[in-house]
Amino acid sequence: MAQLSDAACFAKPPDNLVLTTGNPAHSWEKWKRRFQIYLQATGASSKPGEQKVGLLLNHIGDQGIDIYYNFTFLGDRPDTTAIVADEASRPRLPAEDRKDYDLVIRKFDEQFTRRDPQLMLREKFWLHLHREPGQSFDSWVNTVRERAGECKFPANFMEQAIRDKITFECREDSAKLKLYDMGGNLTVEKAIQVLSLREATSHELKESKTSTIDAVYVPRHQAGRRQGFRPSTPRHDERPPPKKDMGGIGFSACKYCNTTHAWGKKNCPAANHKCEKCKIKGHFSAVCRKTRVGQIDVEPEGTPKFIGVVGQRKSNNMTTHMQDDDSGWHINLLAGDEELSWCIDTDLCTSVCDA
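Residues numbered from 1 in each chain as written. Predicted model: local features only at pLDDT ≥ 70, side-chain atom pairs only at ≥ 80, totals over all residues. Heavy atoms only, no water.

Asks: Which residues make up the packing of aromatic side chains, and what values do they have?
Replies: What the rule picks out here adds up to 14 aromatic pairs. Here Phe-125 and Phe-153 contribute two aromatic rings whose centre-to-centre distance is 5.5 Å and whose plane-to-plane angle is 65°, an arrangement assigned as edge-to-face. Here Phe-153 lies in the loop between helix 7 (137-151) and helix 8 (158-168) and Phe-125 lies in helix 6 (residues 118-128), a separation of 28 residues in the sequence. The pair formed by Phe-125 and Phe-153 is uniform in burial state, with each residue classed as buried. Put simply, the rings of Trp-28, Trp-31, Phe-35, Tyr-68, Tyr-69, Phe-71, Phe-73, Tyr-101, Phe-108 and Phe-112 pair up and form one aromatic cluster. Taking the ring centre of Phe-73 as reference, the NZ or CZ of Lys-107 above it sits at 5.3 Å. Above the ring of Phe-125, the side-chain terminus of Lys-165 is found at 5.8 Å from the ring centroid. (Phe/Tyr/Trp six-rings, centres within 6.5 Å; stacked < 30°, edge-to-face > 60°. Helix = DSSP H or I, 4+ residues; strand = E, 2+ residues; numbered from the N terminus. Buried < 20%, exposed > 50% of the residue type's maximum accessible area, 1.4 Å probe, protein only. Lys NZ or Arg CZ within 6 Å of the ring centre and 35° of its normal.)

In structure tokens:
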């Protein structure tokens, strides 16, 4: 017993039998194999049947224990399979023992063989088993192998079923056609190799196309000229130190006070001064760039209005509706290499259009 206890410290026992998902018969077969490995690892294979049954019930879990206690163990009974001359000479079978390990295993086999939904699982495998969105190819292959094992395909057909399922579920026509071209030479290993390489290549190309650009070089002469970009004007306390004048003596005049002083808002004499023109604090009225509107005169209704004409200036030998000496309407500006006369805005306040 000490030998079993020492070995059990290093052997990993099987997890509890789970029957709520997949094929219960397949789940039982997998669990039974793990339990037999555990018995070999711990040296319990040669132990009495009662001890092995106890180990089985200790590791099989609640669902397996419920199934075990629902088994019917028959008592002493006649052997109905024997051929005898009369019933008096018919042999009898001994009573079934709950502690018989081989008998308990046979009853579990009968229980799950009777409930094996093989046809239903094969229908699900061929018609309803699909690759989940975002599932990796390796995970998909493992899923196909596991579901094929639950279907209990014949041993000589198992690899073909896995190969066909992986091929039929391929979503890329070019890769599927490549597999079809191999014909009878296509094995499950070749199908996995082709599709795995194709998916890895496609994934790398997708990553290279969608990779983000960390930085973009902008030439210095183009900086600040992008469409919609307008550099903000620094505030008084954020503006850089004044540059020195051309002679290198002193500082250039501050645009807020028009005097020279050390850099910084606290050193500007106009920092707390309110401008008399715009009433905004931070600069003198002498450097104010705001246009003050003092008063708007409204002419009484019925006052005659002046209406001028906006048109092209005519030469002296052509009829014109504008006076030649009216220089206030035009201004001469250069357009390329040619000097042209431009009509300026008249700022009309009266409309002659019908209401």
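Now, onward.
Asks: Mind laying out the packing of helix 3 (residues 49-60) against helix 5 (residues 101-114), listing which residues take part and the relevant values?
Replies: Where helix 3 meets helix 5, the axes come as close as 8 Å, and the angle between the chain directions of the two elements is 40°. When the interaxial angle is binned, helix 3 and helix 5 end up oblique. Here Gly-49, Lys-52, Val-53, Leu-56 and Ile-60 of helix 3 lie close against helix 5, whose contacting residues are Tyr-101, Val-104, Ile-105 and Phe-108. The class makeup of the residues in the contact of helix 3 with helix 5 is seven nonpolar, one polar and one charged. (Axes fitted to C-alpha atoms, helices over the stretch in contact; angles between N-to-C directions. Parallel < 35°, antiparallel > 145°, perpendicular 65-115°, else oblique. Contact = heavy atoms within 4.5 Å. Nonpolar A, V, L, I, M, F, W, Y, C, P; charged D, E, K, R; others polar.)

Asks: Which residues make up the pattern of salt bridges, and what are the values?
Replies: Applying the stated criterion across every chain yields a total of 13 salt bridges. Close ionic contact of Arg-77 with Glu-96 constitutes a salt bridge, the shortest N to O distance being 3.7 Å. Separated by 19 residues along the polypeptide, Arg-77 in strand 1 (residues 77-78) and Glu-96 in the loop between strand 2 (92-93) and helix 5 bring together distant segments of the chain. Between Asp-164 and Arg-163 there is a salt bridge, and its shortest N-O distance comes to 2.9 Å. Residues Asp-164 and Arg-163 agree in their burial class; the two are buried. What you see here is one network of salt bridges that share partners, running through Glu-29, Lys-32 and Asp-109. (Salt bridge = Lys/Arg side-chain N within 4 Å of Asp/Glu carboxyl O.)

Asks: Give a description of the nonpolar core that names residues and reports values.
Replies: Within the largest apolar cluster, 25 residues are counted, with the highest numbers of intra-cluster contacts made by Trp-28, Phe-35, Leu-56, Tyr-68, Phe-108 and Phe-112. Breaking this core down by element, the ones donating at least two residues are helix 2 (24-42), helix 3, helix 4 (62-69) and helix 5. The residues touching Phe-108, leaving out its near neighbours within four places in the chain, are Trp-28, Leu-56, Ile-60, Gly-64, Ile-67, Tyr-68 and Phe-71. Core analysis: the next-biggest nonpolar cluster, separate from the first, contains 23 residues, Val-144, Ala-161, Ile-166 and Cys-170 among them. (Core = buried A, V, L, I, M, F, W, Y, C linked by side-chain atoms within 4.5 Å.)

Asks: Help me get a handle on the side chain of Asp-79, residues and values and all.
Replies: Tracing the sequence through the fold places Asp-79 in the loop between strand 1 and strand 2. One buried charged residue, Asp-79, forms no salt bridge at all, with the nearest opposite charge on Arg-90 at 6.1 Å. (Lys, Arg positive; Asp, Glu negative; His and termini not counted.)

Asks: How would you summarise helix 4 if you had to cite specific residues and measurements?
Replies: It helps to recall that an α-helix has 3.6 residues per turn; residues three or four apart then point in one direction. Gly-64, Ile-67 and Tyr-68 are the residues of helix 4 that are buried. The arc that holds the buried residues of helix 4, viewed along the axis, is 100°, so those residues lie on one side. Away from its buried face by more than 90 degrees, helix 4 exposes Asp-62 and Tyr-69. (Arc of directions from axis to C-beta.)

Asks: Can you explain the environment of Gln-111? Please cite residues and give values.
Replies: Counting through the fold element by element, Gln-111 comes out in helix 5. By relative accessible area, Gln-111 is classed as buried at 16%. Beyond its immediate stretch of four places on either side in the chain, Gln-111 contacts Ile-67 and Phe-71.

Asks: Outline unusual backbone geometry, listing residues and values.
Replies: Among all residues except glycine, the phi angle is most often negative; among peptide bonds, the trans geometry is most common. The residue Asn-258 is not glycine, and still its phi comes out positive at about 65°. Structurally, Asn-258 is set in the loop between helix 10 (188-210) and strand 3 (330-335). In the Ramachandran plot, Lys-279 falls in the positive-phi region, its phi being about 65° despite a non-glycine side chain. Mapped onto the elements, Lys-279 comes out in the loop between helix 10 and strand 3.

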